[in-house]
Amino acid sequence: MNPEPNTIRAGRILGRPVYDRDGRPLGNIADLITETAPDGTEHVASAYVVKRPWGRLLGYERDQATGPRLLQILARWILRRNTTVIPFSDLETN
Amino acid sequence: MKRFFAIALGVLTAIGGFVDIGDIVANGEAGARFGITHAWVLLVGVFGICAYAEMSGRVSAVSGRPVFDLVRERLGPRVALANLTGSLLVTVLTLGAELGGVGLALQLATSVNYLLWVPVVAFVLWAALWRAKFSVLENVFGLTGLVLIVFVIAFFRLHADTGGLWHQATHPGPPHGEDWGTYWFFAVALFASALTPYEVFFFSSGAVEERWTSRDLITSRVNVFVGFPLGGLLAFAIMLTSATVFHPLSTSVDSLSQVALPAALALGKLGLAAAILGFFAATFGAAMETGLSAGYTVAQYFGWNWGKLRRPREAARFHTVVLVSILVGVAVLLTTIDPIQLTEYTLVFSAVALPLTYLPILVVANDRDYLGDRVNGRLANALGLIYLIIVLIAAVAAIPLMIITRMGGG
Amino acid sequence: MLIGFDLLDRQIVDRDGEPVGKVDDVELTYDPDGTARVTALLLGQEVLGDRIGGVLGRCIAGTARRLSDAHDRPPQRISMDLVAEITSAITLSVKRELLPDPPLETWLRDHLIARIPGAGHES
């Protein structure tokens, strides 16, 4: 049985490299941010793009994670220098 | 009496962590070769495991989820799979060594070669994990393992040179005939044995098996703060008696019968019997702990049903992993590898797995989504961070030290 | 909500708290206007192996395929409308019995575990 033609697994998108219009690498997709639509479903709004090699973010990009101060400061410092948030509609798959 | 049974989980976990076959001999050997100059290592180890076991127990009690569940969530499936493979390897090899250890204890008692005991012990272990109630296993082996207290009693009967011993404890460093390389090798090995990953996985899974909730936080803490220091005390007592008897003679210790000798010297046949009983209970308890941990970690990585609290029909994959682990353990032993040598290798390799084990625990213990307002306070975080750095250092140093000192032989 | 953080690799439990499995991947469906909606959770060793990728992933996915009866059986899929709550675990609004059994569990239960006496008693 083939999957529906207009479905895709999130695992296929996460980790993919992202390039800007001039072809320069911006990093890899580390996560996808969703928003709740009026009908209750979640749709993908934007993507966290993080420069390699930092993949998994351990949760420090959220506001709620408090964590031990040292780890939190370390994680936020790494993320601030290396993360961009790109609206999902701006991404074209190739 | 009922109060005692409430801390059985902590006591059993600690026994499997501090006085399994590898630790019994390592503490004996350290005492013989280095006196009690490694006493501080046991102290540091006890604090470390208490800090992390408290966090693990709290996370499991409040969220209802065991700690290995979180490793995959926080580190991602690839890194968690590496962690799983590494810790499974160590756990299963340790299981094999513990089966050998039970065999050696029975050999001490009956003079029947340990290899002949191994299949019998393996079958009894499997049957116990299949049918016996979790609480019965905890209580029987936790309580009986405490018989190792005989080593504390033996110490007081041995007329030790307490001044000399105190000097050793307060002046860490290699004595005559040893060098800093072997000293640090033993330090890393003893430290790694105090914090082996399967202890926290077993403790937190046990918390879920016991169905602890937020109302059981005090029980969890009592388990940790009574159980693990008790385990550390038993390990220290073995080191101490060995230092008292063997160190002045410059003999080294490499077999279970030698470790038991101080108890026999001080208390005669009764002391020897108690020591053997204690070794049996401790190694069997450790075999249970490692057998169940193997099942717990694989099942929790893949999200399967697990646990003794479920009917085996409903946790088929979990029970299969436990069965296969026991069979692999037996197979490894039947290659006639020395069980004690085997644990010493696995100890070194488990030191390498420590940072990836403890990092996610520290992170989740701070997560309000999981714990609400029971997240770590300043003390827990400070200890957590300090020990994370220490285990990182131990992980990096373990293999080079092993190579340079040729497994502590020097 | 973050798909990677809040959904992927989380434990799924049914409405009684019994484990169902882990979120091994998430299904996204494209609307005609190009928005991607989260439509289902995907479970199974094949799915996990595909996501891990590389040689290791292919091993995991491969053994799973060999053990299942149908070679092109679709992965276990839980639609998002069965999801009641997303907290430290993902709680469904239905009981586990209503979902299909994982193939490995069934195979082991039938061929090994159920044949050993005492398999029906918890302890």
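Analysis parameters
- Within each chain, residue numbers correspond to sequence positions counted from 1 in written order.
- Following the order in which they are written, the chains are lettered starting with A and the ligands numbered starting with 1.
- Two thresholds apply to this predicted model, a pLDDT of at least 70 for residue-level local features and 80 or more for giving and counting side-chain atom pairs, whereas whole-chain, interface and lining totals are computed over all residues.
- In DSSP terms, a helix is any run of H or I states spanning at least four residues, a strand is any run of E spanning at least two, and both are numbered starting from the N terminus.
- Counting other C-beta atoms within 10 Å of its own, a residue is labelled buried from 20 upward, exposed at 12 or fewer, and partly exposed in the gap between, with every C-beta atom placed from the backbone.
- Throughout, the radius of gyration refers to the C-alpha atoms, and the reference size of a globule is 2.2 Å times the residue count to the power 0.38.
- What pLDDT conveys is the predictor's confidence in a given residue, as a value from 0 to 100.
- Here, any two strands with at least 2 DSSP bridges between them count as paired.
- Any pair of residues counts as being in contact when their C-beta atoms, constructed from backbone geometry, are within 7 Å of one another.
- Nonpolar residues are Ala, Val, Leu, Ile, Met, Phe, Trp, Tyr, Cys and Pro. Charged residues are Asp, Glu, Lys and Arg, and all others, Gly as well, are polar.
- Take the number of residues in a helix, subtract one, and multiply by 1.5 Å to get its expected span.
- Each axis is a line fitted through C-alpha atoms, taken for helices only over the stretch in contact, and angles between the N-to-C directions span 0 to 180 degrees.
- Put simply, a nonpolar core is a cluster of buried Ala, Val, Leu, Ile, Met, Phe, Trp, Tyr and Cys residues tied together by C-beta atoms within 7 Å.

Describing the overall build of chain A
Helix and strand counts for chain A come out as two helices and five strands. The buried share of chain A, taken over its 94 residues, is 26%.

Overview of the overall build of chain B
If you tally the helices and strands in chain B, you get 17 helices and zero strands. Expected size for 410 residues packed as a compact globule is a radius of gyration near 22 Å; at 20 Å, chain B falls within 12% of this value. Projected onto its principal axes, the C-alpha positions of chain B cover 55 × 45 × 45 Å. Each of the 410 residues in chain B was classed as buried or not, and the buried ones make up 62%.

Looking at the confidence of the model for chain A
The predicted model of chain A averages 73 in pLDDT, with 68% of residues at 70 or higher. Of all secondary-structure elements in chain A, the lowest mean pLDDT belongs to helix α2 (residues 69–82) of chain A, at 69, while strand β1 (residues 7–9) of chain A reaches the highest, 87.

Quick look at the pairing of strand β6 (residues 83–86) of chain C
Residues and elements named next belong to chain C. Two strands pair when backbone bridges link them, and β6 and strand β7 (residues 90–92) are joined in this way by three bridges, in the antiparallel orientation. Residue pairing across strands places Glu-85 opposite Thr-91, the latter belonging to β7. What sits between the antiparallel neighbours β6 and β7 is a turn of three residues.

What to know about the interface of chain B and chain C
Often the size quoted for an interface is simply the accessible area lost on bringing the parts together. On the side of chain C, 27 residues touch chain B, which itself brings 30 residues to the contact. Among the elements of the structure, α5 (67–110), α6 (114–131), α14 (316–333) and α16 (368–371) of chain B are those that each provide at least two residues to the side of chain B that touches chain C. Per-element tally for the side of chain B that touches chain C: the top contributor is α5 of chain B, with seven residues. Of the residues that constitute the side of chain B that touches chain C, the class distribution is 11 nonpolar, six polar and 13 charged.

Notes on α14 of chain B
An α-helix turns once every 3.6 residues. As a result, residues three or four positions apart point the same way. Taking 1.5 Å per residue, 18 residues should reach 26 Å; α14 of chain B reaches 26 Å between its end C-alpha atoms and fits that length. If you check which residues of α14 of chain B are buried, you get Ala-316, Arg-317, Phe-318, His-319, Thr-320, Val-321, Val-322, Ser-325, Ile-326, Gly-329, Val-330 and Leu-333 of chain B.

Here we look at the interface of chain A and chain C
In this assembly, 20 residues from chain A lie in contact with 23 residues from chain C. Of all the secondary structure elements, the ones that give two or more residues to the side of chain A that touches chain C are β1, α1 (10–13), β3 (25–36) and β4 (42–50) of chain A. No other element matches β3 of chain A, which puts five residues into the side of chain A that touches chain C. In the sheet, β1 of chain A pairs with strand β3 (residues 25–30) of chain C via three bridges, with the strands oriented antiparallel. Residue pairing in the sheet places Thr-7 of chain A in a bridge with Thr-29 of chain C of β3 of chain C.

With respect to the sheet that holds β6 of chain C
Residues and elements named next belong to chain C. The mixed open sheet is built from four strands, whose spatial order is β2-β1-β7-β6. The outermost strands of the open sheet, each flanked by one partner alone, are β2 (19–22) and β6. Here the average twist between neighbouring strands, direction ignored, is 25 degrees. Bridge count between strand β1 (residues 11–13) and β7: two bridges; the pairing is parallel. Within β7, the residue paired with Ile-12 across the bridge is Ile-90.

Quick word on helix α3 (residues 21–34) of chain B
Residue and element names in this part refer to chain B. Over its 14 residues, α3 runs 19 Å from end to end, which matches the ideal 20 Å to within 8%, given 1.5 Å per residue. In terms of burial, α3 is a largely internal element, 14 of the 14 residues being buried. Taken from the residues just after α3, Gly-35 is the one with a positive phi, measuring 65 degrees.

Topic: the nonpolar core
The nonpolar side chains of soluble globular proteins are, as a tendency, buried together. Of all hydrophobic cores here, the largest spans 159 residues; its most connected members are Val-188, Leu-190 and Ala-192 of chain B. Residue contributions to this core peak at 25 residues, all from helix α13 (residues 256–302) of chain B. Ignoring sequence-local partners within four residues, the contact set of Leu-190 of chain B consists of Ala-26, Ala-30, His-38, Val-41, Leu-42 and Gly-45 of chain B. If you look at the next biggest cluster of nonpolar residues, it comprises 37 residues, including Val-44 of chain A together with Ile-12, Val-20 and Val-23 of chain C.

Quick notes on the environment of Ala-260 of chain B
Residue and element names in this part refer to chain B. Its location among the elements puts Ala-260 in helix α13. Separated by 148 residues in the primary sequence, Ala-260 and Val-112 place their C-alpha atoms 18 Å from one another. With near-sequence residues (within four places) excluded, Ala-260 lies in contact with Leu-108, Leu-272, Ala-275 and Ile-276.

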